[in-house]
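Here's the letter readout for the chains.
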Amino acid sequence: TGIVIHTNLGRSLLSQDARQSVAEISSTYSNLEYNINQGERGSRYNLIEDLITKITGAEAALVVNNNAAAVMLVLNTLCQDKEAIVSRGELVEIGGSFRVPEVMKLSGAKLKEIGTTNRTHLSDYQDAISEETGIILKVHTSNYKVIGFTKEVTNKELSLLSKKIDIPLVEDIGSGIFIDFTEYGLPKETTVQESIKFGSDVVTFSGDKILGGPQAGIIVGKKQYIDKMKKNQLLRALRVDKMTIAALSATLEHYIKEEYFKIPTLKMILTSFEEEKKRALKLKRILRKSNSYCSYKVDEDYSKIGGGSMPLLNIKSAVLKITCPKYSANELEKILRENYTPIISRINKDELILDIRTIQDEDFDEIKNAFSKIIQVEKV
Ligand SMILES: *Cc1c(COP(=O)(O)O)cnc(C)c1O
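Since we're looking at a predicted model, the values are computed, not measured.

Definitions and cut-offs
Residues numbered from 1 in each chain as written. Predicted model: local features only at pLDDT ≥ 70, side-chain atom pairs only at ≥ 80, totals over all residues. Heavy atoms only, no water. Near = heavy atom within 4 Å. Polar contact = N/O pair within 3.5 Å; in protein donor to acceptor, adjacent residues only side chain to side chain. Areas by Shrake-Rupley, 256 points an atom, 1.4 Å probe, with all protein chains shown as cover. Helix = DSSP H or I, 4+ residues; strand = E, 2+ residues; numbered from the N terminus. Nonpolar A, V, L, I, M, F, W, Y, C, P; charged D, E, K, R; others polar. Pairing = 2+ DSSP bridges. Axes fitted to C-alpha atoms, helices over the stretch in contact; angles between N-to-C directions. Buried < 20%, exposed > 50% of the residue type's maximum accessible area, 1.4 Å probe, protein only. Contact = heavy atoms within 4.5 Å. Right-handed = clockwise from strand over helix to strand, strands pointing away.

(A) Seen up close, the site of the ligand. Surveying the vicinity of the ligand reveals the residues Arg 11, Asn 66, Asn 67, Ala 68, Ile 94, Phe 98, His 140, Ser 142, Asp 172, Gly 174, Ser 206 and Lys 209. With respect to the ligand, the side chain of Arg 11 contributes an N or O atom lying 2.9 Å from an oxygen atom. At 2.9 Å from an oxygen atom of the ligand is found a main-chain nitrogen or oxygen belonging to Ala 68. The protein chains hide 94% of the 390 Å² of surface that the ligand would expose on its own. Elements represented by at least two residues in the shell around the ligand include exactly α3 (67-79) and β10 (169-175). Among the residues making up the shell around the ligand, the classes are represented as 3 nonpolar, 6 polar and 3 charged.

Pasting the structure below:
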């Protein structure tokens, strides 16, 4: 599809090491909650917490089922029966109807909306502070952008305010980004490390968006707040299983070793157009050999990061535009979709499009087989 993090298609692919770790942990007993040195009960969260704090520079960390659960746990722990001050421009709905206002209500926090859709000022936050205030909340508007006459207060400014009144500043940044995208020619996106450095006390993000790991919600921040969350009974209902911990640990190890291209999601986002074009030409040669009935053209097009991240960003990519006589693009799309291993493509101007950026080298064979069957159908 050319959408790297496609929520309908399972978001991030796991790295080889992550898959291996899941296989290992699920085939034998492990020290999930056992302290081997002391021969007694241990914590499910210790090891993974070390990895996350090492990468992010945060004092403490906690992992739960997904980012929605992370937001829920943070609000319930720090803001139950109190007010969370949030800008009207950040009251977002994420796909699958995750609505910030609804989650807040369920968590027991009271929503204190401030500012307007397009402009919120520091004074709006200041004016909203009262005895009732539990937290100041910033939510990353992951899947849309307000453009034009806009004003947003940065977390640097908010952290000065929150420190002055001794109220935690909580930030839901949606996608967990640990590396500087500008080094790869992509636009600037705030990293988790920067959110912490700029003064957010608690930051939440997903494990399976740009981070490139399994479904998980990660909470990082000040130890005093994370410790409270660890004691919240709600955590038991939101906790992650050993396979998630194994996959996430292996993914985090890649960051520690700076092996970013071993993480499929990052590799797909960061691979250059020139490199993708070479791969597209290779797939074209393979397909032409297996099915000379259809015609294939390598062209320039754009991929999307998806997963509600960087909605305006188009990444230049190489695509195969495919037409087969007697088949419309829609028919072709259906044939591929109904292949034993479904191949999900897109259509533009009556041409079937396969975006090479979201096709792994290991997928080439399956695509070749699917196309070889298209001739057979024609021959019958
Ligand atoms: C994606 C997203 C969520 C939900 O995360 P899940 O891991 O899908 O539960 C919450 N907040 C923001 C800002 C997001 O972008």
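Okay, back to it.
(B) Examining the sheet that holds β10 more closely. With mixed pairing, the 7 strands of this open sheet are ordered in space as β4-β12-β11-β10-β9-β5-β8. Strands with a single pairing partner mark the edges of an open sheet, and in this sheet they are β4 (60-64) and β8 (110-114). The mean inter-strand angle of the sheet, taken between neighbouring strand axes irrespective of direction, is 25°. Bridge analysis of strand β9 (residues 133-139) against β10 gives 4 bridges, and the strand direction is parallel.

(C) Region of interest: unusual backbone geometry. Located in the positive-phi region is Arg 11, a residue other than glycine, with phi close to 55°. Checked against the element boundaries, Arg 11 lands in the loop between β1 (3-5) and α1 (16-27).

(D) Examining the environment of Thr 341 more closely. Along the chain, Thr 341 falls in the loop between α13 (329-337) and β15 (346-348). Overall, Thr 341 belongs to the partly exposed group, its relative accessible area being 33%. Between the C-alpha atom of Thr 341 and that of Ala 370, which follows or precedes it by 29 residues, the distance is 8.7 Å. Contacts of Thr 341, omitting those with residues within four sequence positions, involve Leu 336 and Glu 366.

(E) Representation of the pairing of β9 within the structure. A large share of β9 lies buried, amounting to 7 of its 7 residues. Judged from the 3 bridges that link them, strand β5 (residues 83-87) and β9 form a sheet pairing that is parallel. What sits directly across from Ile 85, in β9, is Ile 136. Assessed by its sense of winding, the connection that carries the chain from β9 through helix α6 (residues 155-165) to β10 is right-handed.

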